[in-house]
Amino acid sequence: MEGKDTLVFHCALSKVRGPTCARVLAENLSENVSAGPSNIKKILVLERGFNGWQAAGRPVCQCKETTCKGHKE
């Protein structure tokens, strides 16, 4: 995540897993300030999750590769 300052969590609906992971990371970062500065400035949760993103007609990569080669970041 080098060079990135925003991290977006999600799951299918962003009701449990995504928000939980975002909260755990935020707590971990605030508790471990002594570990050094983090470049993460914003931690967000994708509203309505992946299902909502897809239902809204947003682009969804169908690549099977770990890093998508078909879309720009």
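Here the structure is shown first, and the text comes after it.
Residues numbered from 1 in each chain as written. Predicted model: local features only at pLDDT ≥ 70, side-chain atom pairs only at ≥ 80, totals over all residues. Heavy atoms only, no water.

K.L.:
Which parts of the structure should I look at to understand the overall build of the protein chain?
P.N.:
Assigned secondary structure in the protein chain consists of two helices and two strands. Traced from its N-terminal end to its C-terminal end, the protein chain shows the element sequence β-α-β-α. Burial analysis of the protein chain (73 residues in total) assigns 12% to the buried set. Nonlocal contacts in the protein chain, meaning residues at least 24 apart in sequence, comprise 60% of its contacts between residues at least 6 apart. Counting every atom, the protein chain has about 6100 Å² of accessible surface; 54% of that belongs to carbon and sulfur. (Helix = DSSP H or I, 4+ residues; strand = E, 2+ residues; numbered from the N terminus. Buried < 20%, exposed > 50% of the residue type's maximum accessible area, 1.4 Å probe, protein only. Contact = heavy atoms within 4.5 Å. Areas by Shrake-Rupley, 256 points an atom, 1.4 Å probe, with all protein chains shown as cover.)

K.L.:
Explain the side chain of Ser-14 here, please?
P.N.:
By secondary structure assignment, the location of Ser-14 is in the loop between β1 (6-9) and α1 (17-31). According to the relative accessible area criterion, Ser-14 is buried, its value standing at 12%. Here the side chain of Ser-14 touches Leu-46 through a polar contact of 2.7 Å, landing on its backbone oxygen. Discounting chain neighbours no more than four positions away, the residues touching Ser-14 are Phe-9, Pro-19, Val-45, Leu-46, Arg-48 and Gly-49. (Polar contact = N/O pair within 3.5 Å; in protein donor to acceptor, adjacent residues only side chain to side chain.)

Note that every value here comes from positions in space, so none of it alone points to a role or purpose.
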